[in-house]
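Topology and contacts: notes
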Amino acid sequence: MAVKTEQLYEGKAKKVFATDDPALCIVSYKDDATAFDGLKKGSISGKGVVNNRMSNYLMKKLEEEAGIPTHFVEEINDREAVVKKVSIVPLEVIVRNIAAGSFSKRFGVEEGTVLLCPTLEFCYKDDNLHDPMVNDYHIIACGWATREDLDIITDYTFRINEYLKNYFKGIGVDLVDFKIEFGKTPDGKIILADEISPDTCRFWDSKTHEKLDKDRFRRDLGNVEGAYAEMMKRVFG
Ligand code: TMP
């Protein structure tokens, strides 16, 4: 098993450590929560455990059942996992099945409107710029990814959406939208990285439409911990 060495990076929700294997890192999930590019700060008790366990579980399934290459290697404890070391493609890749959040605001489409087909957005990862939405031309012109990278990312992303939409439907949850990130391995392969969790997805109960994700924190809806615990229960029984 990889042994943790020095801390490489501390993000808003995770720390990343080097290991004695140069090809592997260890991610450690925190309970810290932020919103609005770090402007709103708080903590969600137990969130790190939920996000670590759920993300590991879903990445393993995506790899084994949908053929999507991911960074996940091994869960080492409730909050930590070994992952492949990648350079992150500096894009937030967002898929939407139902209108919500910034989509509803930007386009004036009422929250909850079922979209006629899934949509895809790329945002350039930079909090100071508020992660601006960018298109393929911006991405290629600025060197954030190549045409080939984007074609692979797009193919993986819609496959991930189909797989996850079906999976969550089976546990009584509508996958409204989500954000994923990709990384590049030293040998140039694009793989799914970062996390898939209630921090990065909108989950609505299929029957009641109750929000079971980080929107409860972003929008001060209360029972934030309860929502994370409910998602944990749905996934792990
Ligand atoms: P949005 O509607 O605010 O653009 O969010 C779309 C999806 O992306 C939603 O599932 C939440 C997720 N998301 C992140 O994971 N990180 C972010 O910084 C933002 C703004 C959204």
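All of these numbers come straight from a predicted model, not from anything done at the bench. (Residues numbered from 1 in each chain as written. Predicted model: local features only at pLDDT ≥ 70, side-chain atom pairs only at ≥ 80, totals over all residues. Heavy atoms only, no water.)

1. Details of the layout of surface pockets
By volume, the second largest pocket amounts to about 240 Å³. Along its surface, the second largest pocket is lined by 13 residues, and N97, I98, K165, D174 and L175 are the ones closest to its centre. Counted by class, the lining of the second largest pocket contains 7 nonpolar, 2 polar and 4 charged residues. (1 Å grid on protein atoms, 1.4 Å probe; cavity = no way out; pocket = protein on both sides within 12 Å on 5 of 7 lines; lining within 4 Å. Points joined across faces, edges and corners; volume = space filled by probe spheres on them. Nonpolar A, V, L, I, M, F, W, Y, C, P; charged D, E, K, R; others polar.)

2. Structural notes on the sheet that holds strand β1 (residues 4-10)
Taken together, the 5 strands give an open sheet; going across it, the order is β1-β2-β3-β7-β6, and neighbouring strands pair in antiparallel fashion. Strands at the two margins of the open sheet, each flanked by one partner only, are β1 and β6 (72-77). Adjacent strand axes in the sheet meet at a mean angle of 30°, parallel and antiparallel pairs treated alike. In this sheet, strand β7 (residues 80-84) lies alongside strand β3 (residues 24-29) in antiparallel orientation, the contact comprising 5 bridges. When the sheet's bridge partners are listed, S28 is paired in β7 with E80. Docked against the sheet, helix α1 (residues 47-66) engages β3, β6 and β7, running at close to 145° with respect to β6. (Pairing = 2+ DSSP bridges. Helix = DSSP H or I, 4+ residues; strand = E, 2+ residues; numbered from the N terminus. Axes fitted to C-alpha atoms, helices over the stretch in contact; angles between N-to-C directions. Contact = heavy atoms within 4.5 Å.)

3. A word on the side chain of E80
The residue E80 is located in strand β7 in this model. A polar side-chain atom of E80 sits 2.8 Å from a polar atom in the side chain of N77. If near-sequence neighbours (up to four positions away) are discounted, E80 is found in contact with K4, I26, V27, S28, N52 and E75. (Polar contact = N/O pair within 3.5 Å; in protein donor to acceptor, adjacent residues only side chain to side chain.)

4. Digging into the environment of F168
Looking at the secondary structure, you find F168 in helix α4 (residues 147-169). Exposure remark for F168: the relative accessible area of 0% places this residue in the buried category. Along the primary structure F168 and K40 are separated by 128 residues, whereas in three dimensions their C-alpha atoms are 29 Å apart. Apart from residues lying up to four places away in sequence, F168 is in contact with L58, V173, L175, F203, M231 and V235. (Buried < 20%, exposed > 50% of the residue type's maximum accessible area, 1.4 Å probe, protein only.)

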